[in-house]
Amino acid sequence: MWTFIFLSILGLNTCQVSGQGPSTQMHYAVLAVEESAIENITKLLNDFIGGEESEHVQVTSIKMTTKCEILQHEAQCSCMSDHSWSKELCESQQCCDNETCSFSKTPPPTCHPNTRVTINGSVVLNTVQYLGCLGNKLSADFKTCHNKLLTEMKTVYSTLTGFVSLTIMEFRTGSIIADFEMTIDDKVSANDLVQRSQTLSQKLNSTYSLETAGLVHINVPLGPVPFNSREVLKCTRQDDLNVDPVWQLTKKGRVFDITNGTESHLASVGMDATLTLKNTSEIWAGLFTCAYNQKPMFGSIVHKATATLDVAHLPDIHISSEPQFPRCKSSKNLVAVKVICEIKPSNDSYKVTWSGDGHKSDIKPYNDPIAADTNVGCIQDEEKTEPEITCTFTNRRQQNQSATIKINVIYENDLFCEAEGGWADTKAGFTAVLKCQNRAGDRQRKCSDEGKWKDEESFCVNRDLDSILEETRIVDIGLGTIDNNAASVFSRLKTATNNTESINTFSNVNASIFVLFGMKDKINHIFNESTLDNLLLSSSNILDKSLEKSWKDDKGGNLSLAERYLSSVEKLIELTDVASAAKHTSNIEVNTCNGTHRSHCSNSVFNVNVSVDGADSGSVKTTGFKQLEQYFPQGEEYEPNSIVVSTTTEKILSSPVVKIDFPLLKPRPRNHMMECVSWNETSREWSTQGCKWEPSNEQHCHCEHLSSFAILMSKQPLEVKFSNLITYTGLSVSIISLIMCLAIEIMVWSSVVKSNALHLRHTAHINITLCLLIADIAFLASAFPKKISESWCQIFAVLKHFCYLSMFFWTLCLSLTLLHQTVLVFQHLSKKTYIVLSILLGYLCPFLIVAITFITNESGAKDSYYSDESCWLIYAGTLKGSIYTFLIPLGVIVLVNLFSMVVIIMTLLERPKTTANSSQNEHNASKTLLRSVVFLTPIFGVTWIFGFAVLAVDLTYGHIAYVVNYAFTLLNAFQGFFILLTTCLGEKTVRDACLKKMHITKKGPTSISQSSTSSTLKK
């Protein structure tokens, strides 16, 4: 039998060398001999080694590389020890390593030594003497330049043992760049290659870059490897290169750096570097590269080895049936069902098998799509078990992945929801599921136990967001650096959220937040400023006001959207190491203060000023979030009234003091309590622990810890306990008292009113009593505003406004009359004039005030003139609101009454005691009038001083505010009772007249005040 023997001959060729030592040249020869003659031929050829066949050439070694057996039309070849087929042959004909392969051409390919080193490189020439190499390839200048450079390079590199060839592939511009390829078929020292390259660089005044294949070897498990297995890849080098290797994976046209991660581990021991994959999956299938990057003088050298890892994947299976709920119209029928098993597109191949239980016919599978047909019966068995169908995928390593579906049959008498729109018949108590169109996820609709459709729930997520979410899950597995992976995720998230209309559903907002939530635990720092910018922009986009409804569709769960969002963004910003000016977006602002070697640090975000007191706090970051406050779980009593602000420090502070000044989102109404709060992640609620709020500075918070802060405001004002009970009781007593007052005045009028002064006083008393009676009745009638119409509420507000004002204007008439009689004794006015002026002052002035107020407040509109919560005037702050058209006149009247009383008392005290007897009766009448004013002024004045105090002192001020409110409520609720006491029962003349009318005779000496003397008023 004839056999081809391929020989490699390594010889010394001194002709190429110029003072660098002998150059070498590897030659290949083919011999066809009988197999029995191989041993003799080998001995004969070995005699050439070390001989002196020529003055310039010497054979140093002869090795057999390939052995081929010649058959009829082909040759079966195998590699000798330490030899293997070339990489090109392995890729083109699947003839790899030292396998026995068949070839039809003659002579067949040869095996190469396992020590073969291929070098691809480029030389950058910094001299003009090689300018001709950039010319036409057919020109003499080019050929001369090319040969000259080739000779120079061979002269240097051929001194490497095992040198085979060196070819200049092309010349490029950008200086003069020569790309070349060199082959060496013997062990090459990396240091020798560096030395030769540096020699060439000095000789040519050039720099170089080389990439070697063969100096480093990679060992990859033979594939396919099992899914989820632990695999070790080994990279071995011949020399100590003093650098760690760089591992890379190339797949789908992308190159990923491999680092230590949750699924990969890099290690180096001696001359070996290992990459351990803890859970192999389709993610890790591809071309692995192990590279050592050297940076010697004048150039760079990369020693590289590559190998492919094949992984037998197991897919995730989505199983469904058509129809989802087969409906039996008769118990005698069979219903056809198609079961579909879907997987993501994959280059892997699987064997699919089907099995089942409870179906009534054979399962008939087909492959496009992967599905099977069968029939189910319409009679439910005694155990009420539903038919089940299972599809099983088996990979190339005989591993299995299965999915099972229960066929929920709608039997003849079962309740169900009839088909509606795209929703098919659905069994009662079950949920129908439809795949989202052009989006990931599904839509679900529950059929209640009563057979009624409930609202649809959509879990559809945009494809790009779903892809970003998938990328988030592999950020830290070791495929690519975490920094680059994070940059990619945040860049894509910013792009995906820029158009808020495309993500305006709960599912999309939820997916976006889950990207942030997943990233916070996968990265350790953010150094790149563009990554931070993309993080802030995407986070701000998610808070856009146009997405408000999408946030509020949150169904709750373990964590609300707002909680996940805040904890994620807060942690991610804390991880940033970018020290720069404030970062501002539409809904997020970040400011940083360096508190190193300082005890105080201040930041401002969205006009919220935050200061942190604590020794050597390091970097203090403050972040403001617009819109976020309204998305947190809210209690029944409080609502947010500020944006959320988060503050973190680089160093842990034992007892930090945080002072925050918040601009309020809306002004605090009177008596509404506010709280400074921080978010408690344990109790999942706003907590006041460690924070204080002071009513005197309602925008300021003082806290003793770091967290996320906000201000809450009570939804309802603080209440004075029992105030309604006191008010209603007092009003009831007052109404009865005022009716009694009017009855007494009518009963004793003729007996008591004996002078003009008394006529005026009792006329004023009657009008005061009447006005207060009507006002109190209106007040009591509107005590429950929600039970009356808006029209009646408005009418009662107008009545109370007018009657209370009239009452006070009549008290003004009394005080002015007494002041006139006391100071201007000799200037008399007729009774008629006094009555006319009093009526004008008592009714016309209040009428004008009420009318003007009514007209100027949108014709008495709700929330402008009156409040439908109290059927009373509006208080909107200091000097704001219709209430001041009542309070200002009231305040003026009270001051005038007090002034009049003081003047009258002082005047009476200064008059001579020898007053004429003729004026004694008039003097008695004046004393009676003065006594009335003295009684009336505290009642209608002092009590309303408490009213002004109520306006001035907020209930949030504490105990003093409650004391003032109780005093005001008591005194004013019982106004009618006080009038009865002072104007009726407190007057001796009135009491005596009443007793006389009732025919009751008083025992003992009695005297009825005589008030019938002539009046100073003209008739």
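In this numbering scheme, every chain counts its residues from 1 along its sequence in written order. Only residues with pLDDT of at least 70 get local features here, since the model is predicted, and only at 80 or more are side-chain atom pairs given and counted; chain-wide, interface and lining totals rely on the full set of residues. Side-chain measures here rest on the full set of heavy atoms in the structure, leaving out hydrogens and waters.

(A) Spotlight on the sheet that holds strand 15 (residues 254-258). At least two DSSP bridges between two strands are required for those strands to pair. Under the DSSP-based scheme used, a helix requires at least four consecutive residues in state H or I and a strand at least two consecutive residues in state E, with every element numbered from the N terminus. Within the open sheet, the 8 strands sit side by side as 9-10-8-11-19-18-14-15. Their pairing is mixed. Taken across any chain shown, the strands that pair with only one partner, and hence form the sheet edges, are strand 9 (163-173) and strand 15. This sheet shows a mean twist of 20° between the axes of neighbouring strands, independent of strand direction. Here strand 9 pairs with strand 10 (residues 176-184) via 9 bridges, running antiparallel. Bridged to Ser165 within strand 10 is Thr183. Under this scheme, a helix contributes an axis fitted over its contacting stretch, all axes are lines through C-alpha atoms, and angles between N-to-C directions fall in the 0 to 180 degree range.

(B) Representation of helix 17 (residues 959-973) in the model. Every helix has an expected span of 1.5 Å times one less than the residues it contains. Counted at 1.5 Å a residue, the expected span for helix 17 with its 15 residues is 21 Å, and the 21 Å between its end C-alpha atoms agrees. Burial classes follow relative accessibility: with a 1.4 Å probe on protein chains only, a residue under 20% of its type's maximum area counts as buried, one over 50% as exposed, and anything between as partly exposed. If you check which residues of helix 17 are buried, you get Ala961, Val964, Asn965, Ala967, Phe968, Thr969, Asn972 and Ala973.

(C) A look at the packing of aromatic side chains. Centre distance within 6.5 Å is the pairing criterion for rings of Phe, Tyr and Trp, where only the six-membered ring of Trp is used; planes under 30 degrees apart are then read as stacked, over 60 as edge-to-face, and the remainder as tilted. By the definition in use, this model includes 23 aromatic pairs. Taking 5.4 Å as the distance between ring centres and 70° as the angle between the ring planes, the aromatic pair formed by Phe854 and Tyr865 counts as edge-to-face. Of this pair, Phe854 sits in helix 14 (residues 831-856) while Tyr865 is found in the loop between helix 14 and strand 45 (866-867), placing the two residues 11 residues apart along the sequence. Looking at Phe854, the relative accessible area reads 23%, which means it is partly exposed. Between Tyr875 and Tyr884, the aromatic rings sit 6.2 Å apart at their centres with planes inclined by 35°, giving tilted as the arrangement.

(D) The arrangement of the confidence of the model for the protein chain in detail. The score called pLDDT rates the predictor's confidence residue by residue, from a low of 0 to a high of 100. Summary statistics for the protein chain give a mean pLDDT of 85 and a share of 88% for residues scoring 70 or more. Contacts are assigned to residue pairs that have any heavy atoms within 4.5 Å of one another. In this model residues 14-19 is a low-confidence stretch, pLDDT under 50, and it forms 14 contacts with partners more than four residues away in sequence or in other chains. Here residues 1003-1019 is a poorly scored stretch, pLDDT under 50, and it has 32 contacts once near neighbours within four places are set aside; other chains count.

(E) Region of interest: the sheet that holds strand 24 (residues 370-377). The 4 strands lie next to each other as 20-21-24-23, forming an open sheet whose pairing is antiparallel. Among the strands making up the open sheet, the edge pair consists of strand 20 (318-322) and strand 23 (364-367). Between one strand axis and the next, the sheet turns by 25° as a mean value, whatever way the strands run. Looking at chain direction, strand 20 and strand 21 (residues 334-342) are connected through 5 bridges and run antiparallel.

(F) Focus on the side chain of Thr66. Among the structural elements, Thr66 can be located in strand 3 (residues 57-70). Engagement of the side chain of Thr66 in a polar contact is seen with the side chain of Thr65, the distance being 3.2 Å. In protein, a polar contact means a hydrogen-donor-capable atom and an acceptor-capable atom, both N or O and within 3.5 Å, with residues adjacent in sequence counting only if both atoms are side-chain atoms; elsewhere, any N or O pair within 3.5 Å suffices. Reaching out from Thr66, the side chain makes a polar contact with the backbone nitrogen of Cys111 at a distance of 2.7 Å.

(G) A look at the packing of helix 6 (residues 482-498) against helix 8 (residues 529-542). One can describe the packing of helix 6 onto helix 8 by two numbers: an axis separation of 8 Å at closest approach and a directional angle of 35°. When the axes of helix 6 and helix 8 are compared, the crossing they make is left-handed. When helix 6 is examined against helix 8, the residues Ala486, Ala487, Phe490, Ser491, Leu493, Lys494, Thr497 and Asn498 are found in contact with a partner set consisting of Thr531, Asn534, Leu535, Leu537, Ser538, Asn541 and Ile542. Polarity classes work like this: nonpolar for Ala, Val, Leu, Ile, Met, Phe, Trp, Tyr, Cys and Pro, charged for Asp, Glu, Lys and Arg, and polar for all others, with Gly in that last group. Taken together, the residues that form the contact of helix 6 with helix 8 break down as 7 nonpolar, 7 polar and 1 charged. The crossing is said to be left-handed when, going from far helix to near helix, the turn is anticlockwise and less than a right angle, and right-handed when the turn is clockwise.

(H) How the structure looks around the environment of Lys571. Position of Lys571 relative to the elements: it lies in helix 10 (residues 561-574). Residue class for Lys571 comes out partly exposed when judged on its relative accessible area of 32%. Sequence separation between Lys571 and Met519 is 52 residues, and the spatial gap between their C-alpha atoms is 9.6 Å. In contact with Lys571, not counting residues within four places along its chain, are Lys520 and Asp521.

(I) View of the packing of helix 8 against helix 10. Two elements in contact, helix 8 and helix 10, have axes whose closest approach is 11 Å; the angle formed by their N-to-C orientations is 165°. The pairing of helix 8 with helix 10 is recorded here as roughly antiparallel in orientation. Crossing of helix 8 over helix 10 shows left-handed handedness. On helix 10, the residues touching Leu535, Leu536, Ser539, Ser540 and Ile542 of helix 8 are Tyr565, Val569, Leu572 and Ile573. Grouping the amino acids of the contact of helix 8 with helix 10 by side-chain chemistry returns 7 nonpolar, 2 polar and no charged. Each angle receives one of four descriptions, namely roughly parallel if under 35 degrees, roughly antiparallel if over 145, roughly perpendicular if within 65 to 115, and oblique otherwise.

(J) Structural view of the pattern of salt bridges. One speaks of a salt bridge when a side-chain nitrogen belonging to Lys or Arg is within 4 Å of a carboxyl oxygen belonging to Asp or Glu. Under the criterion given, the structure shown has 27 salt bridges. A salt bridge links Glu211 to Lys304; the nearest nitrogen and oxygen atoms lie 3.4 Å apart. One end of the pair, Glu211, is in strand 11 (residues 206-213); the other, Lys304, is in strand 19 (residues 299-309), with 93 residues separating them in the sequence. Across the pair Asp348 and Arg396 runs a salt bridge, and its minimum N-O distance is 2.9 Å.

(K) Expanded view of the state of the cysteines. Cysteine sulfur atoms that come within 2.5 Å of each other are treated as a disulfide pair. Following the criterion strictly, the structure yields 13 disulfides and no others. Paired by a disulfide, Cys95 and Cys101 hold their sulfur atoms 1.8 Å apart. Linking Cys95 and Cys101, the disulfide has an S-S dihedral of approximately 100° and is accordingly described as right-handed. When sorted by exposure, Cys95 lands in the same class as Cys101, which is buried.

(L) Representation of a nonpolar patch on the surface. Exposure above 30% relative accessible area and no salt bridge define the residues that can form patches, which grow by joining like charges within 9 Å and nonpolar side chains of Val, Leu, Ile, Met, Phe, Trp and Tyr within 5 Å. Working definition of accessibility: Shrake-Rupley area with a 1.4 Å probe, residue cover restricted to the visible protein chains. Together, Val836, Leu837, Leu840, Leu844, Phe847, Leu848 and Ile852 make up an exposed nonpolar region whose accessible area comes to about 640 Å². By the secondary structure assignment, Leu840 is in helix 14. Classification of Leu840 as partly exposed rests on a relative accessible area of 42%.

(M) Representation of the pairing of strand 29 (residues 431-435) within the structure. Here 5 bridges tie strand 29 to strand 30 (residues 442-447), and the two strands are oriented antiparallel to one another. Bridging from a neighbouring strand, Ala432 pairs with Arg445 of strand 30. Connecting the antiparallel pair strand 29 and strand 30 is a turn made up of 6 residues, with Asn438 showing a positive phi of about 60°.

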